[in-house]
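Descriptive analysis of the structure
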Amino acid sequence: EATQDGKWVGAVDSNGVCLYSLADPSEPRFHGRLPGIDGRMVTAIGFHPKNEDVAVAFSSNEIMMFKIRTQEQNAWSQDNAGKIPYKLLQHPDKIIQIIFDWNRHSLMLLVTSSAICVVDLIKPVSEIAYKPRKKRRARRRSTKGGGGRVRH
């Protein structure tokens, strides 16, 4: 994952997130490693389009945001990291993608294989919009015309 301006790139490995500076693209430079949550794997990262912050999702569906330059939690994360709604923390699927809305920079979308959570970084975390995908009904097969039996 890289920032929109191409100045930073983040790489996820089994130990967390490594940040690299691309100030000189011909010579990427290791900038540092983001702190994690003990025993929890990183499942997704996303860079904010307007500032140098990176959001990190963990296998527990917890979210933290860090300032890239200092690798410290930003103000939103300090205020809200421990307040993620229970419904999201207990969701059976893990966050696999973090997307920031290019038009409304305060909106962060947390994507799982079966739901999308909309986080407005300006509002309290308790107002996270949790939107599970609707399940499709299985179509019933018609039994007309012989009931699908093979006759010998």
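Coordinates for the structure precede this section.
Residues numbered from 1 in each chain as written. Predicted model: local features only at pLDDT ≥ 70, side-chain atom pairs only at ≥ 80, totals over all residues. Heavy atoms only, no water.

**A short note on the environment of S21**
Under the convention used in this document: Strands are runs of DSSP state E lasting at least 2 residues, helices are runs of H or I lasting at least 4, and numbering of each runs from the N terminus. For this analysis, residues touch if any pair of their heavy atoms sits within 4.5 Å. What qualifies as a polar contact is a pair of N or O atoms within 3.5 Å, subject to a donor-acceptor requirement within protein and to the restriction that residues adjacent in sequence count only when both atoms come from side chains.
Here S21 is to be found in strand β2 (residues 16–21). When the C-alpha positions of S21 and W8 are compared, they lie 4.8 Å apart, and in sequence the two are 13 residues distant. Among all residues touching S21, those that are not within four sequence positions of it are K7, W8, E27, P28, R29 and H31. Within the structure, the side chain of S21 is placed 3.3 Å from the backbone nitrogen of A23, a separation counted as a polar contact.

**Some words on the sheet that holds strand β5 (residues 53–58)**
Going by this rule: One bridge is not enough; two strands pair if DSSP finds at least two bridges between them. Angles here are taken between N-to-C directions and fall from 0 to 180 degrees, while the axes themselves are lines fitted to C-alpha atoms, restricted in helices to the stretch in contact.
Pairing is antiparallel across the open sheet formed by three strands, whose spatial order is β4-β5-β6. Every other strand in the sheet has two partners, leaving β4 (42–47) and β6 (63–67) as the edge strands with one partner each. When the angles between neighbouring strand axes are averaged without regard to direction, this sheet yields 25 degrees. Bridge count between β5 and β6: five bridges; the pairing is antiparallel. In the strand pairing of β6, V54 is matched with F66.

**What about the environment of H31?**
You can see H31 is positioned in strand β3 (residues 29–34). Between the C-alpha atom of H31 and that of Y20, which follows or precedes it by 11 residues, the distance is 5.0 Å. H31 has contacts with W8, L19, Y20, S21, I68, R69 and Q71, leaving out every residue within four places of it along the chain. Of note is the side chain of H31, whose polar atom sits 3.1 Å from the backbone oxygen of R69.

**Some thoughts on the sheet that holds β2**
Taken together, three strands build an open sheet; the order of strands is β1-β2-β3 and the sheet is antiparallel. Here the strands that pair on one side only, and so sit at the sheet edges, are β1 (8–13) and β3. Across the sheet, the mean angle separating the axes of adjacent strands is 25 degrees when strand polarity is ignored. When β2 meets β3, the two strands line up antiparallel, connected through five bridges. Bridging across to β3, L19 finds its partner in G32.

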